[in-house]
Amino acid sequence: MDIAGAGIFIISTLIGLFVLLLMLRFLLRLAKADYYNPISQGIVSITNPVVKPVSLAVPSLGRFDLPTLLVAILVQFIGLMVTMALYGYPFFSLLYLGWAMVGVVSLVLNIYFFALIIVVIASWIAPNTGHPVLSLATQITEPLCDPARRLIPPMGGLDLSVMFVIMGLILLEEYLLVPPLAAILRVQSGLMIGL
């Protein structure tokens, strides 16, 4: 029985889910999403115990929730340190901080990608649905889609701009942004959500 492997799985899953909630909080504020949505309130109440103390020392920059972003990177960094120690590597390395940042960037791109997929599928299956998840997915992705719609207006009722936004996200995630950063920092894949 591989106890270290089980520990790594548990740690990476729990840390990854918490970082996911932190980045959702970050993106919700960035997009000015509905705070009174029950999902928004749930995310804020789960992440508040960690974010609120940091926000007393580090101010937000308008809609850019710097305290939440810093907490997400720090939590990812701590998770990586513990995971690497369980693998038998040194507990602390500044390289892990770079890995944490790459993981957070990758996670943000994945959140946008899956939110867009949810919006597209829902627009085909159940347009004008007021479900809280769909509402937040739409609000999160609107800052990306709105500029694309100005460049590529809807044609015959089809909004092709979303397809180009999805292609752009895939290019950043798979070719242009994450892989070069991961190669420079020699990121080991599969350590955390986002990496």
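Cut-offs used in this document
- Residues numbered from 1 in each chain as written.
- Predicted model: local features only at pLDDT ≥ 70, side-chain atom pairs only at ≥ 80, totals over all residues.
- Heavy atoms only, no water.
- Helix = DSSP H or I, 4+ residues; strand = E, 2+ residues; numbered from the N terminus.
- Rg over C-alpha atoms; globule rule 2.2 N^0.38 Å.
- Buried < 20%, exposed > 50% of the residue type's maximum accessible area, 1.4 Å probe, protein only.
- Contact = heavy atoms within 4.5 Å.
- Areas by Shrake-Rupley, 256 points an atom, 1.4 Å probe, with all protein chains shown as cover.
- Lys, Arg positive; Asp, Glu negative; His and termini not counted.
- Charge placed at Lys NZ, Arg CZ, Asp CG, Glu CD.
- Expected span 1.5 Å × (residues − 1).
- Salt bridge = Lys/Arg side-chain N within 4 Å of Asp/Glu carboxyl O.
- Patch = residues over 30% accessible without salt bridge, like charges linked within 9 Å, V, L, I, M, F, W, Y side chains within 5 Å.
- Core = buried A, V, L, I, M, F, W, Y, C linked by side-chain atoms within 4.5 Å.
- Bend = angle between axes of the 7 residues up to and from the residue.
- Polar contact = N/O pair within 3.5 Å; in protein donor to acceptor, adjacent residues only side chain to side chain.
- Phe/Tyr/Trp six-rings, centres within 6.5 Å; stacked < 30°, edge-to-face > 60°.

(A) Focus on the overall build of the chain. When its secondary structure is counted, the chain shows seven helices and zero strands. Reading the secondary structure of the chain in the N-to-C direction produces α-α-α-α-α-α-α. Radius of gyration (C-alpha) of the chain: 18 Å, near the 16 Å computed for a compact globule of 195 residues. Across its three principal axes, the chain shows a C-alpha extent of roughly 60 × 35 × 35 Å. Counting over 195 residues, the chain shows a buried share of 37%. A separation of at least 24 residues holds for 68% of the contacts in the chain among residues at least 6 apart in sequence. Counting every atom, the chain has about 10,800 Å² of accessible surface; 73% of that belongs to carbon and sulfur. Charged side chains of the chain number 8 positive and 8 negative; the gap between the two group centres comes to 11 Å.

(B) Representation of helix α1 (residues 3–30). Counted at 1.5 Å a residue, the expected span for α1 with its 28 residues is 40 Å, and the 40 Å between its end C-alpha atoms agrees. Where α1 ends, the next residue or the one after it, K32, has phi of about 55°, a positive value.

(C) Highlighting the pattern of salt bridges. All chains considered together, the criterion is met by five salt bridges. When the shortest N-O distance is used, the salt bridge between E142 and R149 registers 2.6 Å. One salt bridge connects R150 with D146, and the closest N-O pair in it is separated by 2.8 Å. In this pair, R150 and D146 both sit in helix α5 (residues 132–151), four residues apart, roughly one turn of the helix. Through salt bridges with shared partners, one network takes in R25, R29 and D65.

(D) Here's a closer look at a nonpolar patch on the surface. Judged by side-chain polarity, V105, I170, L171, L172, Y175, L176, L177 and L181 come together as a nonpolar surface patch covering roughly 660 Å² of accessible area. You can see L181 is positioned in helix α7 (residues 178–185). Residue classification places L181 among the partly exposed positions, given a relative accessible area of 31%.

(E) Highlighting the nonpolar core. Of all hydrophobic cores here, the largest spans 46 residues; its most connected members are V19, M23, L80, W99 and L195. If you tally residues by element for this core, the top one is helix α4 (residues 94–125), at 11 residues. Core analysis: the second largest hydrophobic core is formed by five residues, V119, A122, L134 and A137 among them.

(F) Main features of helix α2 (residues 38–57). The end-to-end C-alpha separation of α2 is 28 Å, in line with the 28 Å expected for 20 residues at 1.5 Å each. Where α2 bends most, at N48, the angle is about 70°, and the proline P49 comes one to four residues later. Here α2 has its buried residues at S40, I43, V44, T47 and V51. Capping the start of α2, N37 holds a side-chain oxygen 2.9 Å from the backbone nitrogen of I39, two or three residues further along.

(G) The arrangement of the packing of aromatic side chains in detail. Per the counting criterion, the structure on display carries five aromatic pairs. Pairing F26 with F64 gives two aromatic rings, centres 5.1 Å apart and planes at 85°, and the pair type is edge-to-face. Linking F26 in helix α1 with F64 in the loop between α2 and α3 (66–86), this pair joins segments that are 38 residues apart in sequence. Each ring, one from Y35 and one from Y36, has its centre 5.6 Å from the other, and the planes form 80°; the classification is edge-to-face. Residue classification places Y36 among the exposed residues on the basis of a relative accessible area of 66%.

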